[in-house]
Every structure is written in structure tokens, then in C-alpha cells.
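# Reading the structure
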Amino acid sequence: MAYHLAARFCKNTVSCKFAKAINFSCLRCNVSTVVSSSFEFPNFKTHNELHEFSINKTDEFWASLAHSRLKWLKSFHTTQQCNMDEGKFAWFFGGQLNIADNCVDRHALVKPDKVALIWEKDEPGNQQLVTYRELQEMTCRIANVLKAHGVQKGDRVAIYMPNSPIAVASMLACVRIGAMHTVVFAGFSTEALAARIQDASCTAVITSDQALRGGKIIELKRTVDAAVAKCPSVKHVFVSQRTGADLPNMPLDLPLDKLMAQACQHSAIEIMESEDPSFMLYTSGSTGKPKGIQHSTAGYLLYASVTHQSVFNVGPDDVYACVADIGWITGHSYVVYGPLANGATTVLFESVPTYPDPGRYWEMVERLQINQFYTAPTAIRLLLKAGDAWPQKYNLSSLKVLGCVGEPLNHEAWHWYNELIGQSKCDLVDTWWQTETGGICITPRPSEAGAEIIAGMPMRPFFGIEPAILDSSQKLLEGNDVIGSLCIKKPWPGIARTIYGDHERYLDTYFRPFPGYYFSGDGAHRHSNGYYQVTGRTDDVINVSGHRLGTAEVEDAINEHAAVAESAVIGIPHPIKGEGIYAFLVLKDDVVLDQVCIVSEVNSLVSTAIAKFAVPDHILIVPALPKTRSGKIMRRILRKLVAGETEFGDVSTLADPSIVQVIARLHLDSNRNLM
Ligand code: PRX
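Here we summarise the structure given alongside this text. (Residues numbered from 1 in each chain as written. Predicted model: local features only at pLDDT ≥ 70, side-chain atom pairs only at ≥ 80, totals over all residues. Heavy atoms only, no water.)

This next bit is on the pattern of salt bridges. One pass over the structure, following the stated rule, counts 28 salt bridges. A salt bridge links arginine 381 to glutamate 407, with the shortest nitrogen-to-oxygen separation between them at 2.8 Å. Taken as a pair, arginine 381 in helix H12 (residues 377-386) and glutamate 407 in the loop between strand E21 (401-405) and helix H14 (411-421) lie far apart in primary sequence, 26 residues in all. You'll find arginine 381 and glutamate 407 in the same group, each marked buried. As a salt-bridge pair, arginine 512 and aspartate 508 come within 2.7 Å of each other at their nearest N and O atoms. We classify arginine 512 as partly exposed; its relative accessible area is 40%. Residue class for aspartate 508 comes out partly exposed when judged on its relative accessible area of 44%. Each member of the salt-bridge network shares a partner with another, and the members are Glu120, Arg360, Glu363 and Arg367. (Salt bridge = Lys/Arg side-chain N within 4 Å of Asp/Glu carboxyl O. Helix = DSSP H or I, 4+ residues; strand = E, 2+ residues; numbered from the N terminus. Buried < 20%, exposed > 50% of the residue type's maximum accessible area, 1.4 Å probe, protein only.)

Here is the structure:
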């Protein structure tokens, strides 16, 4: 049996030889074809052989997929021109295409009535179906509205909306006209939103009046009003109605739904070069300022499409659900772009896992007959805690593949997910990737059919991905059973192209720490069997419920308090969130305020400056921080101290070594149960 990478196209541009088999459309020639026979690498009998081919003949591998899976307006002439040392990446050079054409138009042409989106609204049991034809119409109308108000190719548009068809259509409308969207998670505060709009110099914002999340109203438009007041670049605020709330009209406001109704339902696509930017998404790094990670057009889309299809093994009639928010990269690649590029039916989940009760996901799986389910470890741990009775109430037999992403999935949660939800018959894919990688890089599937899946690790590199582990002296660690910094050796199409407006920071962060490699910022263990386990961040980034936060970002917010002289923030283990936040505060000498009051004000400052999920779980007021003589805060010592260790290593380099014991005593006295 030849190895088949399930992809949906045939090689015959005139009449597809598989046309009679199954009623499914070939993405390239738009003729029906069978899914599994559609893309063949006939010379490869095993997964390992094909993986080796993808590494050794990278250009052939990706060029073949790019031709077959994407719809090109003009074919590319050069597969790649990349230089890891210089952080320069160009894939499918000379090619022209449009993402909205690939994700919507080509499907609307051949299967207009296929459901593209199932909108699972916050109100339980309230799904709304959107076909490819309807999605195309919405996208075109928004594209026309944007163009009529001066939004052009290259402009940046901020999207601050709940998971909803209109939000997805807004993203697609931007890429349709060549504008870059920057989706901001609709839980970020006014200040965080304003900082992102300012950094990107967005000329327009698309939002909703309010959002509903877990039955609670979130005042999106009010947050936008306050943010936009600080952002002179914004010329228009397009407001869509989610709840129909009666809100004050601001001078820049435009009623999106009304304008869409008046707009034409057809809209020409903008011809984009392969390397034109498609969108950017802000994520945290080790400094206080979030980075606008910028993605390409062709390379990003191809990587999202191929990984979505082959990691989740999505068939033509499947209902695929990734419950991430569109404000994160998971929402971009695996709610919107990957599934839609593949012509799949993708669920758009607006709610939270515990609303109205902890059976929400499982009731939805039964009602919508979901086949693939992709979530985050933090949600699995939360639902595990709620008890087995919830999943046991529902029929979960439609499930074939379970996935998770965002942080390590601990063994207990892995087994619960596998046994209670997957009933030990699903493939469970713990997928490792990042905002910067564009798509999944390490994952148990695809692999040989039936190959082992081991709990607690993403295991196998995806096609075209060659992971490398290096030590702190930049030495490549060969062989197995090695631990070090997780890097990637070769370019792949989905890699982010730059940090918007700061290419030097891009080079400093990802390419200079280990010359010749992409550095992920994570540590990893390559086990004796060759499988990869990700051990966590090696930089000053905390992962709270799968959301990245820089320690400096939180410290900057805390230091805004008039009573705080300085602060240090560390990540601590948390049973549900994976990591929680512990903040150490040094107060100014003349402070007379009550400490309880300071703690509460600091919490509210962080919530206002960033988001609620960034609020510290624990705050300790200390007389000083452990610092070197040159002033560097030794967070390593704080981490050890909170972990209950009594050996702190060499503290002689500290300006005041005695402070370590003082903080340790205060921590013990603080009498709070952190674990
Ligand atoms: O530390 C790794 C962790 O999440 C980080 C990436 O975060 P972000 O860019 O927000 O993207 C999250 C969704 C792709 C990584 O550097 N991470 C992601 N997946 C895993 C993981 N840690 C362990 N195991 C994973 N499967």
C-alpha cells in the first residue's frame, strides 16, 4: 500500500479519475474525488520514509502540496528562498493567490450549500449554520463596506469581537481586500487593545456592541470607545449587533449590519503575492511590549491547511470542532483558515466549558455529532475536576480524534481525556506549536496507522519539521535522551515572517540565540525512543491557561501603582491553569496605605492594563528583591523558594544574600495555600 497523505485533490485537471467514487470536490479541478486517494506519494510505504523525504527534499514535498492544495491565480516559480541565519523566508515565490478565494469562493462554487460554520452560540442548544455560499456573501458585503470607507490593501484593521460568523467573515473580508487583520482577544482590557491598535497603526476597528460569555455580558463597544480615544490612526469603528444593546453613538461609529445590507454581495478579490502579509497577531515575549507576529499569505495558508487535514484526519462529511477563541493563533489556524481552506465544516464555539454546566462540551459533541474535538489542557483539567458524571451523560461515539494544545497535558488529564471522552478508541493528539510557527509542528499524528501514542508528550515532528535540541553553550545535542532548548533546523512554510515594525527584535528573539536555528523559547526532552516532550518555557514567559504572558508585562502594570517601588513576577504550578502568577512587591518607604488595599488595587491595575487572566494568584509584600550587584532580579531564586526548596545555589553574587531567607520566611508566614 502506498502511503497516502489525505489531501483533497486529484492530479487530473481535465476530468478527475476519482470523480465517480465519493461525492467530494477536488480543490484544484473542482471535480469530485475520494479523499484518501487524492494525494499520493506512491514511492513511500511508511510514514518515516515520507517524513525523511519531506526533510531531504523539502522543496519537492512542499511544492507538490502547494500546487495541489491551493488555488493559484498565478503559479509560483521558486519554491523557497530562505535563510535561517538572516531570518529571511520566502515561500512559493512569484505565485499569486487570495486567502478568501481559497477558503470560501472555490468551495462556494462547487458545494455552495455545504455548511462552513456551525455557530454554537453562548446560549446553549442554539446553533446557527452558515453555508459556504452564505459565508461568501457575508465576506463580500463586509469587504465592500471596508473598501467604501477607504480601507485598502496593506492597511491594518483591528477585530475585537466574540467568536461569531460575522467575526470570521470580517477576518476573511480583510484578507479578501489585502488588508491585514489583527484580532484582539475580546477579553483584553482597554489599555491592551489600545496598545495593539497603536502599534499596528490600525485605521479601522470592527467590533460588536456586546459579547456574551457564560451568560455574562461583556461590554466590547465601551472598551473600544475608550481605546479608540487614545488611537488617532483609527478613522472608523464598524459596530455589529450581538445583543442589540442601546449604546451611545460615537463620532467614528458605523453600523456594520446596516451597511452590509446595503452593500453588494459580490466583491472582487485582491491579487496577493505569496509573501504579502496576511495578518498579525500579538503575543507576549520577555519584554513588556507584546509583539505583532506577522504571517504570510501562501506559506501560512498551506501550512494551516495541510496540518489541519492530516493531524486531525478530517473527512469530507466530518464535523470538526476546535473550541479556541479566534483571538488566539489556534482560532486563526484551526477554527478559521485551516478548516476553511480544506472546505470542512468547522464549529465556532462562543461560550465557556462550564456554561450552563460542566457538561456543555459533551452535550454539544452529541448534539452536533462532532468527529474531531480540539481544546486546551486547562479546560480538560477543569472538567476532570467537575467529575465523570458529566461526560457519562452523553453519547460521545461520534468522536474519532481528540486534540489539545497550549501547555503540557499532564498524565492524569491525558488519561481522563482519552478514556472518559475518547472511550479509549480515539487518537489523542497533544500538539505542540506556537503563534510564531503558524501551525502544528510536533504531534503524534500523522504517523503509521495504529502507531503508539504516549501520554504527556507531542512525540513526532510533522512533515518538513526537523527539531533540534541545543545546550546553553549553543552545542547541538545529538542522539536520544537529551534535554535542552527546543529549536527547529529547517524553514517551513508557516513560520512567521517578522515582528511587525521590529525585525531586529524578531532576529534577536528567534534566530540569534542559536545561530542557524529557529529558537522556540521552550525547553524539550528527546526521550530514549526519539519522541519529544516539551518541558516549558526557558524565558521569562508565563503560560496561564495556555495564554502567554511576559513577566515584564505584568510587572510593568503592577509598578504603575503609586505605592510600589518595584516588583518581580514568577510562574507557579496551578492545578487547573497549568501556571499561576506569584508577584513579589517592594513598597516605597513612605507608604501609609493598608496592605490589603494595595493588593486589591494592584489586582485591579493588572486587570485594567492587560486582562483578568493576568491578575496574580498571590501577592507578597517584601522588603527587597533578590538582585545581583548589577541589579538583575534573580527570579530563579524566587521560583525555588516558592517551590519549598531550601538550597538556592550560589547566592554570593547577590547584593544582599540575607534577603533570601527573609523572603522565604514571609512566604511561609503568608499562610496561603497556593497549590
Ligand atoms: O510553551 C509552549 C506552549 O505554548 C507556547 C506557545 O503559546 P502561543 O504562541 O500562545 O500558542 C499557543 C497555541 C499554539 C509554547 O511556546 N505549548 C503549546 N503547545 C504545547 C505547549 N507546551 C507543551 N505542550 C504542548 N503541546
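That was the structure; now back to the text.
The next thing to look at is the site of the ligand. The full set close to the ligand counts 17 residues, and Asp430, Thr435, Asp522, Arg537 and Arg548 are the nearest of them. The contact in question runs from a nitrogen atom of the ligand to an N or O atom on the backbone of glutamate 407, over 3.5 Å. Measuring from an oxygen atom of the ligand, one finds a side-chain N or O atom of aspartate 522 at 2.7 Å. Of all the secondary structure elements, the ones that give two or more residues to the shell around the ligand are helix H10 (329-341), strand E22 (427-431) and strand E27 (532-537). Partitioned by chemical class, the residues of the shell around the ligand number 6 nonpolar, 6 polar and 5 charged. (Near = heavy atom within 4 Å. Polar contact = N/O pair within 3.5 Å; in protein donor to acceptor, adjacent residues only side chain to side chain. Nonpolar A, V, L, I, M, F, W, Y, C, P; charged D, E, K, R; others polar.)

As a further point, take the packing of helix H9 (residues 298-312) against H10. Packing of H9 against H10 leaves a shortest axis separation of 8 Å and a crossing angle of 90 degrees. Taken together, the axis directions place H9 and H10 in an arrangement best described as roughly perpendicular. Across the interface between the two elements, Tyr300, Leu301, Ala304, Ser305, Thr307, His308 and Phe312 of H9 pack against His332, Ser333, Tyr334, Tyr337, Gly338, Pro339 and Ala341 of H10. A per-class count over the contact of H9 with H10 returns 8 nonpolar, 6 polar and no charged. (Axes fitted to C-alpha atoms, helices over the stretch in contact; angles between N-to-C directions. Parallel < 35°, antiparallel > 145°, perpendicular 65-115°, else oblique. Contact = heavy atoms within 4.5 Å.)

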